[in-house]
Amino acid sequence: MLGVNEDEGEDCMTIILNFITSLGFEDGAAEVKNAHRTGKKRDDKPRVISQGLSSKSFTAGLLKEDYYKQQRVQMERKYYKG
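Keep in mind that this is a model prediction, so the values were computed, not measured. (Residues numbered from 1 in each chain as written. Predicted model: local features only at pLDDT ≥ 70, side-chain atom pairs only at ≥ 80, totals over all residues. Heavy atoms only, no water.)

Before going further, it helps to spend a moment on the overall build of the chain. Of regular secondary structure, the chain possesses two helices and two strands. Taken from the N to the C terminus, the helices and strands of the chain come in the order α-β-β-α. Projected onto its principal axes, the C-alpha positions of the chain cover 40 × 35 × 15 Å. Put simply, 45% of the contacts in the chain that link residues at least 6 apart link residues at least 24 apart. Distance between charge centroids for the chain: 8 Å, based on 14 positive and 13 negative side chains. (Helix = DSSP H or I, 4+ residues; strand = E, 2+ residues; numbered from the N terminus. Contact = heavy atoms within 4.5 Å. Lys, Arg positive; Asp, Glu negative; His and termini not counted. Charge placed at Lys NZ, Arg CZ, Asp CG, Glu CD.)

This part is about the nonpolar core. Judged by nonpolar contacts, V4, C12, I16, I20, L23, F25, V32, A35, I49, L53, F58 and L62 together constitute the single largest core of 12 residues. Those elements giving two or more residues to this core turn out to be α1 (12-22), β1 (32-38), β2 (48-53) and α2 (56-81). Top contributing element to this core by residue count: α1, with three residues. When residues no more than four places from it in sequence are discounted, the contact partners of A35 are C12, M13, I16, I49, S50 and Q51. (Core = buried A, V, L, I, M, F, W, Y, C linked by side-chain atoms within 4.5 Å. Buried < 20%, exposed > 50% of the residue type's maximum accessible area, 1.4 Å probe, protein only.)

Before going further, it helps to examine the environment of T59. Tracing the sequence through the fold places T59 in helix α2. By relative accessible area, T59 is classed as partly exposed at 27%. With 28 residues separating them along the chain, T59 and E31 place their C-alpha atoms 8.8 Å apart.

You can see E31 is positioned in the loop between α1 and β1. Notably, E31 is buried but unbridged: the nearest opposite-charge side chain belongs to K33, and the N-O separation is 9.2 Å. Excluding its chain neighbours within four sequence positions, the residues that come into contact with E31 are G52, L53, S54, S55 and F58. (Salt bridge = Lys/Arg side-chain N within 4 Å of Asp/Glu carboxyl O.)

Here it is, written out as structure tokens:
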């Protein structure tokens, strides 16, 4: 997951579960095995949160929902822009 600000003592699992819930998946906690930051820590941008998911079908559904959510946001921006 990109673009999530880093905080001391943060819980990456909670961040991922909140994102999954925002996409409409209520049983996401059963599918997420782990979540953690990856890469070298830098002051100018946050590290990526990497997550391990337990099933391929859930991963595919999650990616599809995220894609459609991004498309809706882009269309709303375009429509309300002007």
